[in-house]
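Okay, here's what each chain looks like letter by letter:
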Amino acid sequence: MNYYSTNGKAPQADLKKAVVKGLAEDRGLYMPERIEKLPKAFFDEMKNMSFQDIAYNVASNFFGEDVDADALQDIVFDTLSFDCPIVKVEDNIYALELFHGPTLAFKDVGARFMARLLQYFLRVAPSGAVGGSVNVLVATSGDTGSAVANGFLGVEGIHVYVLYPKGKVSPIQECQFTTLGKNITAIEVDGVFDDCQALVKSAFMDEELNRHMMLTSANSINVARFLPQAFYYFNAVARIQEMFNVQRSTFNDVVMCVPSGNFGNICAALFGHEMGLPIKRFIAANNANDVFYEYLQTGKYNPRPSVQTLANAMDVGDPSNFARIYDLYGKSHERISSLISGATYSDQQIADTMRRCYQETGYVLDPHGACGYQALKDGLRPGEVGIFCETAHPAKFKEKVDQILGTDIDIPERLQAFMRGEKQNVEMSKDFQDFKQYLLKQ
Ligand SMILES: *Cc1c(COP(=O)(O)O)cnc(C)c1O
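Thresholds, definitions, all that
Residues numbered from 1 in each chain as written. Predicted model: local features only at pLDDT ≥ 70, side-chain atom pairs only at ≥ 80, totals over all residues. Heavy atoms only, no water. Core = buried A, V, L, I, M, F, W, Y, C linked by side-chain atoms within 4.5 Å. Buried < 20%, exposed > 50% of the residue type's maximum accessible area, 1.4 Å probe, protein only. Contact = heavy atoms within 4.5 Å. Helix = DSSP H or I, 4+ residues; strand = E, 2+ residues; numbered from the N terminus. Near = heavy atom within 4 Å. Polar contact = N/O pair within 3.5 Å; in protein donor to acceptor, adjacent residues only side chain to side chain. Areas by Shrake-Rupley, 256 points an atom, 1.4 Å probe, with all protein chains shown as cover. 1 Å grid on protein atoms, 1.4 Å probe; cavity = no way out; pocket = protein on both sides within 12 Å on 5 of 7 lines; lining within 4 Å. Sits in = over half its atoms within 2 Å of the grid points. Phe/Tyr/Trp six-rings, centres within 6.5 Å; stacked < 30°, edge-to-face > 60°. Pairing = 2+ DSSP bridges. Axes fitted to C-alpha atoms, helices over the stretch in contact; angles between N-to-C directions. Arc of directions from axis to C-beta. pLDDT = per-residue confidence, 0-100. Salt bridge = Lys/Arg side-chain N within 4 Å of Asp/Glu carboxyl O. Points joined across faces, edges and corners; volume = space filled by probe spheres on them.

Draft legend 1. Here's a closer look at the nonpolar core. In this structure, Phe-63, Val-67, Leu-96, Leu-117, Phe-152, Phe-234 and Ile-340 are the most contacted members of the largest nonpolar core, which totals 146 residues. In contact with Ile-340, other than residues within four places in its own chain, are Ile-266, Leu-270, Phe-282, Ala-284, Phe-292, Leu-296 and Ile-325. Among the nonpolar cores identified, the runner-up in size contains 24 residues, and Tyr-161, Ile-187, Met-428 and Phe-432 belong to it.

Spelled out as structure tokens, the structure:
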């Protein structure tokens, strides 16, 4: 399958090029030239299938032409070494818990898949086109860095540079990518997330740098990172169908609510919908960084600098994947706003929601999941069943969560292990020339 650029000025790429390059030459995002519907038989059978089998079917639909079937199955099964269960929070509201992976956030799924796919392409062509050694640049607002760093840790022939905004990620998040060593370098940028993202994008566009080293991106702009996130949306609907089998005859009233920042996660859900996944409508939940919410209301997309919030992984002022969503629906505001509605919450509202949900249901939300949960509370209509993504484990934000809830929540062992490590990082200004000079010396 070929991939075209959302900016329409770069040549089409095959999967390998789209994955290795990450971003098209014209700075656009790669899009698959077509999205095939999965067959009816698959949807009829889905609720009897395992998560891994469902995921393999979805993966084949996208990657089947370009990756050997056995290898693809291994990649999918190996990626999903943990579950993404549906948990009932209250009547008609379910959490899709995406934090059971190694770094306790949903980004583990895409990062693990991409690391394995990139390794597959390097193995298939150990020299020549790919060149045998790849440098992954990744900008993070918190959770991407740890997921990508851990997804690639120890993978031969790949070096990862994690760029993160100084003082803007939680200490627990930070230790998950600054303590790893080996093929992982953490770069602390004196700026905000958007500065980190701009440095990465500029690096890809810089000819001299690209002659010096093979660069790729592992941000959600990479097709190998965002598409696999569709796996758990299919599984979520399958598990709801399975659960409701005895009680309801139709299951066409599922509302999927995704706490969104760079919009990669919801974008994968929308691709799933295009593949035929029965989801009635979507809600994109924002924190105070709500340019998408504004777009839905006004039809105007006005990116602006991000502001810092309690839900810091969603502090994005110019979501990259907006370009994909815009393209997917033919640039039609009407189509987009009839399928997706928005919600926006202040830090005060997020904290109130966390407190109320804990008191009323006993469920501990993290600040990101809280936006999703509240958007369902505010937006669910009679007869609908809402699923919101619990995108990270609350312990990743332990200080804030404990302070808000008056709790002392447990830290899972795999998280404690990171906290015992020694922090190593490189300090960097937000000036691209500094970053470039640093990379040229590597
Ligand atoms: C990255 C992240 C988000 C936002 O996801 P996008 O794909 O960037 O929209 C939400 N919650 C958590 C915990 C995250 O790490």
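Draft legend 2. Seen up close, helix α6 (residues 143-152). Among the ten residues that make up α6, ten are buried, leaving the element largely enclosed by the rest of the structure. Taken together, the buried positions of α6 are occupied by Asp-143, Thr-144, Gly-145, Ser-146, Ala-147, Val-148, Ala-149, Asn-150, Gly-151 and Phe-152. Two residues or fewer after α6 comes Gly-154, characterised by a positive phi angle close to 80°.

Draft legend 3. Region of interest: the site of the ligand. Neighbouring the ligand are 15 residues, the closest being Lys-107, Asp-143, Gly-261, Asn-262 and Phe-263. Here an oxygen atom of the ligand and a side-chain polar atom of Lys-107 are 2.5 Å apart. Interatomic distance of 2.8 Å between a backbone N/O atom of Asn-265 and an oxygen atom of the ligand. For the ligand, whose accessible area on its own is 390 Å², the fraction buried by protein is 97%. Of all the cavities here, the one that holds the ligand is the largest cavity.

Draft legend 4. Region of interest: the packing of aromatic side chains. The final tally for this structure, using the stated rule, is 21 aromatic pairs. With 5.9 Å between their ring centres and 70° between their planes, Tyr-94 and Phe-244 make a pair best called edge-to-face. Within this pair, whereas Tyr-94 is found in strand β5 (residues 93-97), its partner Phe-244 is found in helix α11 (residues 230-244), the two being separated by 150 residues in sequence. Of the two residues, Tyr-94 and Phe-244, neither departs from the other in class, the shared state being buried.

Draft legend 5. Quick look at the sheet that holds strand β7 (residues 158-165). Strand order in the open sheet formed by five strands is β9-β6-β7-β8-β14, and the pairing between neighbours is parallel. A strand with exactly one partner marks an edge of an open sheet, and here the two such strands are β9 (215-217) and β14 (426-428). When the angles between neighbouring strand axes are averaged without regard to direction, this sheet yields 30°. Judged from the six bridges that link them, β7 and strand β8 (residues 184-189) form a sheet pairing that is parallel.

Draft legend 6. How the structure looks around helix α18 (residues 398-405). Those residues of α18 that sit buried are Lys-398, Val-401, Asp-402, Ile-404 and Leu-405. Here the buried residues of α18 occupy an arc of 165° about the axis, which is enough to place them on one side. For α18, the exposed residues lying more than 90 degrees away from the buried face are Glu-399 and Gln-403. Buried residues along α18 sit against α7 (171-178), α16 (347-361) and α17 (367-379). Just beyond α18, the residue with positive phi is Gly-406, at close to 70°.

Draft legend 7. Quick peek at the environment of Ile-240. Its location among the elements puts Ile-240 in helix α11. Residues in contact with Ile-240, not counting those within four places in the same chain, are Ile-86, Tyr-94, Val-254, Val-385 and Ile-387.

Draft legend 8. Focus on the side chain of Asn-312. For Asn-312, the position within the fold is in the loop between α13 (291-298) and α14 (322-328). There is a polar contact of 3.3 Å between the side chain of Asn-312 and the backbone oxygen of Lys-168. In terms of polar contacts, Asn-312 uses its side chain to reach the side chain of Gln-173, at 3.2 Å. What Asn-312 contacts, discounting residues up to four positions off in sequence, is Ser-141, Lys-168, Val-169, Ser-170, Gln-173, His-368, Phe-397 and Lys-400.

Draft legend 9. Examining the confidence of the model for the chain more closely. For the chain, per-residue confidence averages 93 on the pLDDT scale, and residues scoring 70 or more make up 97% of the total. Segment residues 126-130: pLDDT under 50, and eleven contacts once partners within four positions in sequence are set aside and those in other chains are kept.

Draft legend 10. Structural detail: the pattern of salt bridges. Inspection of every chain in the model, using the stated rule, returns 20 salt bridges. The shortest N-O distance in the salt bridge between Glu-36 and Arg-34 comes to 2.8 Å. Look at Arg-34 and you get partly exposed, because its relative accessible area is 32%. The shortest N-O distance in the salt bridge between Lys-280 and Glu-384 comes to 2.8 Å. Of this pair, Lys-280 sits in the loop between α12 (264-274) and β11 (281-286) while Glu-384 sits in the loop between α17 and β13 (385-390), and the two are 104 residues apart along the sequence. What makes Glu-384 buried here is its relative accessible area of 1%. Ionic contacts of the salt-bridge type, sharing partners, join the residues Glu-33, Arg-34, Glu-36 and Glu-65 into one network.

Draft legend 11. Expanded view of empty space enclosed by the protein. Taken as a whole and assessed by the stated rule, the structure comprises two cavities of 30 Å³ or more. Looking at the lining of the largest cavity, the elements with two or more residues in it are α6 and α12. Considered as a void within the structure, the second largest cavity measures approximately 30 Å³ in volume. Lining the second largest cavity are Ala-139, Gln-197, Val-200, Lys-201, Asn-219 and Ile-221. For the lining of the second largest cavity, the element with the most residues is helix α8 (residues 193-205), which contributes three residues.

Draft legend 12. Structural view of the side chain of Thr-391. Relative to the assigned elements, Thr-391 resides in the loop between β13 and α18. Look at Thr-391 and you get buried, because its relative accessible area is 5%. Those residues in contact with Thr-391 that lie beyond four places of it in its chain are Leu-98, Leu-104, Ala-105, Phe-106, Pro-259, Asn-265, Asp-366, His-368 and Gly-369.

Draft legend 13. Here's a closer look at the sheet that holds β13. Taken together, the six strands give an open sheet; going across it, the order is β4-β5-β13-β10-β11-β12, and neighbouring strands pair in mixed fashion. With one partner strand each, in any of the chains shown, β4 (86-90) and β12 (340-344) form the two edges of the open sheet. Direction aside, neighbouring strands of the sheet carry axes that sit 25° apart on average. Pairing between strand β10 (residues 254-259) and β11: five bridges, direction parallel. Directly across from Pro-259, in β11, lies its bridge partner Ala-285.

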